[in-house]
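Given next are the chains, with one letter for each unit.
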Amino acid sequence: MPAESPQNGNWWTRAAGGREVLVVALPLVISSLSWTVMTFFDRMLLKHHSGEAMSAAFTSSTVWFAVTCLPLGMTMYATTFVSQYFGAGRYDRIGPSMWQGVWLALLTSPLLLATIPLAPWLFSQAGHEPGVTRLEVEYFQILVWGAPAMVVAQALASFYGGRGATTMLMVVDGGTAVLNLGLDYAWIFGHFGFPAAGIAGAGWATVASLWIKAAIYLALVLQRHHREKFATLSGMVFDRELFGRLIYYGGPSGFQLVLDVTGFTVFVVMIGRLGVVEQEASGMAFSISTLAFMPIWGFAQAAAILVGQHLGENREHLAARSTWTTLQLGLLYMTVISLLYIFAPGVFLGGFFGSELSATDSDLVYPLAVRLLWFVAGYNLLDATAMVFVSAIKGAGDTLFVLAVSGVMSLLLALASWLAVAVFQLNIYGCWAIISAWVGTMGVIFFFRFIGGAWRNMRVIETAPPELT
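The structure displayed is predicted, hence computed values, not measured ones.

Across its full length, the protein holds 17 helices and 0 strands. Taken over the C-alpha trace, the protein has a radius of gyration of 22 Å; the compact-globule value for 469 residues is 23 Å, and the two agree within 12%. Taking as baseline every contact in the protein between residues at least 6 positions apart, the subset at least 24 positions apart corresponds to 85%. On the protein, roughly 18200 Å² of surface is accessible, and the fraction owed to carbon and sulfur atoms is 68%. Each charge class in the protein was averaged separately, 22 positive and 25 negative side chains, and the resulting centres sit 10 Å apart.

Helix α3 (residues 78-87) sits mainly inside the fold: 9 of its 10 residues count as buried. Looking only at α3, the buried set comprises Ala78, Thr79, Thr80, Phe81, Val82, Ser83, Gln84, Tyr85 and Gly87. Where α3 ends, the next residue or the one after it, Gly89, has phi of about 75 degrees, a positive value.

This structure, assessed with the given rule, holds 28 aromatic pairs. Each ring, one from Tyr77 and one from Phe81, has its centre 6.2 Å from the other, and the planes form 80 degrees; the classification is edge-to-face. Accessibility expressed as a relative area gives 1% for Phe81, which makes it buried. Look at Phe401 and Phe446: their rings are 6.1 Å apart centre to centre, the planes differ by 90 degrees, and that puts the pair in the edge-to-face class. Residue Phe401 is located in helix α16 (residues 399-423), and its partner Phe446 is located in helix α17 (residues 428-452); the two are separated by 45 residues in the primary sequence. Given the relative accessible area of 23%, Phe401 is considered partly exposed. Feature note: the residues Phe264, Phe267, Phe286, Phe375, Tyr429 and Trp432 constitute an aromatic cluster, connected by ring pairs.

Quick look at the packing of α3 against helix α11 (residues 240-272) now. Packed helices, taken two at a time, are described by the angle between their axes plus the distance between the axes. Here α3 crosses α11 at 115 degrees, and the two axes come no closer than 10 Å. Like other packed secondary-structure pairs, α3 and α11 cross with a definite hand, here right-handed. Judged by residue contacts, Ala78, Phe81 and Tyr85 of α3 engage Leu242, Arg245, Leu246 and Tyr249 from α11. Residue composition of the contact of α3 with α11, by class: 6 nonpolar, no polar and 1 charged.

Attention shifts here to unusual backbone geometry. With a phi angle near 65 degrees, Asn314 is a residue other than glycine that sits in the positive phi range. Its location among the elements puts Asn314 in the loop between α12 (276-312) and α13 (316-343). Taking the relative accessible area as the measure of exposure, Asn314 reaches 52% and is therefore exposed.

Side-chain pairs of opposite charge can arise whenever the charged atoms involved come near each other. Scanning all chains against the criterion turns up 7 salt bridges. A salt bridge links Arg93 to Asp239; the shortest N-O distance between them is 3.6 Å. Of this pair, Arg93 sits in the loop between α3 and α4 (94-113) while Asp239 sits in the loop between α10 (224-230) and α11, and the two are 146 residues apart along the sequence. Under the relative-accessibility criterion, Arg93 is labelled buried at 14%. With a shortest N-O distance of 3.0 Å, Glu313 and Arg315 are connected by a salt bridge.

Right, let's get into the layout of surface pockets. Here the largest pocket defines a volume of roughly 420 Å³. Val63, Ala66, Val67, Leu122 and Thr262 are, among the 19 residues lining the largest pocket, the residues nearest its centre. Of all the secondary structure elements, the ones that give two or more residues to the lining of the largest pocket are α2 (51-76), α4, α5 (119-124) and α11. Among the elements that take part in the lining of the largest pocket, α2 stands out by supplying 7 residues, more than any other. The residue inventory of the lining of the largest pocket, partitioned by class, reads 14 nonpolar, 5 polar and no charged.

To continue, consider the environment of Phe446. For Phe446, a relative accessible area of 1% puts it in the buried group. With 61 residues separating them in the primary sequence, Phe446 and Thr385 have C-alpha atoms 8.0 Å apart. Every residue in contact with Phe446, bar those within four places of it in the chain, is listed here: Phe389, Val390, Ile393, Phe401, Val402 and Val405.

Moving on, we get to the confidence of the model for the protein. Chain-level pLDDT for the protein is 87 on average; 92% of the residues reach the 70-or-more range. Predicted confidence for residues 1-6 stays below pLDDT 50, and this span has 12 contacts to residues more than four positions away or in other chains.

For the rest of this paragraph, the subject is the packing of helix α6 (residues 130-143) against helix α9 (residues 199-221). Between α6 and α9, the shortest axis-to-axis distance is 8 Å and the interhelical angle comes to 20 degrees. Here α6 is positioned roughly parallel relative to α9, judged by the angle of their axes. The element α6 and its partner α9 pack so that their crossing is right-handed. Of the residues in α9, those touching α6 at Leu135, Glu138, Tyr139, Ile142 and Leu143 are Ile199, Ala200, Ala202, Gly203, Trp204, Thr206 and Val207. Residues belonging to the contact of α6 with α9 are distributed by class as follows: 9 nonpolar, 2 polar and 1 charged.

Rules and cut-offs
- Residues numbered from 1 in each chain as written.
- Predicted model: local features only at pLDDT ≥ 70, side-chain atom pairs only at ≥ 80, totals over all residues.
- Heavy atoms only, no water.
- Helix = DSSP H or I, 4+ residues; strand = E, 2+ residues; numbered from the N terminus.
- Rg over C-alpha atoms; globule rule 2.2 N^0.38 Å.
- Contact = heavy atoms within 4.5 Å.
- Areas by Shrake-Rupley, 256 points an atom, 1.4 Å probe, with all protein chains shown as cover.
- Lys, Arg positive; Asp, Glu negative; His and termini not counted.
- Charge placed at Lys NZ, Arg CZ, Asp CG, Glu CD.
- Buried < 20%, exposed > 50% of the residue type's maximum accessible area, 1.4 Å probe, protein only.
- Phe/Tyr/Trp six-rings, centres within 6.5 Å; stacked < 30°, edge-to-face > 60°.
- Axes fitted to C-alpha atoms, helices over the stretch in contact; angles between N-to-C directions.
- Left-handed = near helix turned anticlockwise from the far one by under 90°.
- Nonpolar A, V, L, I, M, F, W, Y, C, P; charged D, E, K, R; others polar.
- Salt bridge = Lys/Arg side-chain N within 4 Å of Asp/Glu carboxyl O.
- 1 Å grid on protein atoms, 1.4 Å probe; cavity = no way out; pocket = protein on both sides within 12 Å on 5 of 7 lines; lining within 4 Å.
- Points joined across faces, edges and corners; volume = space filled by probe spheres on them.
- pLDDT = per-residue confidence, 0-100.
- Parallel < 35°, antiparallel > 145°, perpendicular 65-115°, else oblique.

Given below as structure tokens:
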């Protein structure tokens, strides 16, 4: 493929420009939102069931994701293999790459299920109110039954994501999110013949939706034309060498996700010790932040895919350009969201409350949640910067650096959170200042790593045989 001139076309039409990024990113934005929508509406509907149930759902789903994110992060990295093989025109390696992710998901599933009996001890260590702890355990133990499905679905989705065929991800993930919303309504409150199961109903609705999503992806990747062109059936065999490479590059990626989520989880758990009002307001602020922020995760995934594809083509300048284009779009979006957090917080918080606020909600929870959203607005742009650059360099294979930084920074966040609450007894604002500083530091570090350019010479795929070059 001929090299592209860096000045060929305008910002919108040129290679790795706005149009190319948005074609890949917009479906991923919707796809990424789907998971957050599932958990967000769990919490919002549970808030109408009880404030304790909403707080418990936030904490236990955060812990559940922390438990799941190692195999999830590793299987997600199959997308990078698919993208680089696709860019290099080596379609016969795409199916096998996807299936190594599936094998990894299946091999780690028993470890995920083994956390179910550990839940009572795990949540008892948090020191939360007894009623909240009981709900946390119940919700967590149910969600774990959906963890294998989530990891398998992620591995199968790499077949579409890595090739840039992101519209399919949007359709499947968006459809199952809508299904989950309907099941939430029926299973939490007892409609359409479902029992009124409260927080348990929310959990089982998520589990059912995850298994349905995995089944849909499996049926899609095994279509005849995919079997013939991309070896999605013949590539099902365990490939020791390719599996080893997925572990080598995906392992640091998975552990990086574990460290980031663990540090954040410790922060969330320590916030719960400050009191029910602080926990509930923080749960709302983080839920809103995650929902509004997930489009950036979609943009970041697009950056990783486009970097992988362009590096597979050996066009490093286009890999860099696609990253900068993605960042520009992401920062534009986050600027709008941050302004809304400051000037129109009720747009986001209204769904958590009925038409009239209770005395506790009106006097304590609602105004505190508004002020916490101001913190989110303060660190949004640096958070977006960190996510885009992390994804870009991971799309090249620079996972060891990401792991090292995440290890140090997550340890610092966990330690600072514990000291803030247990030793210095800081209030909620002092704790949120810590998370804001942590996010900002991450953004600066990964900005300098990207412009340093070490990622430009990295690849995760093997050199093509002579007859393919």
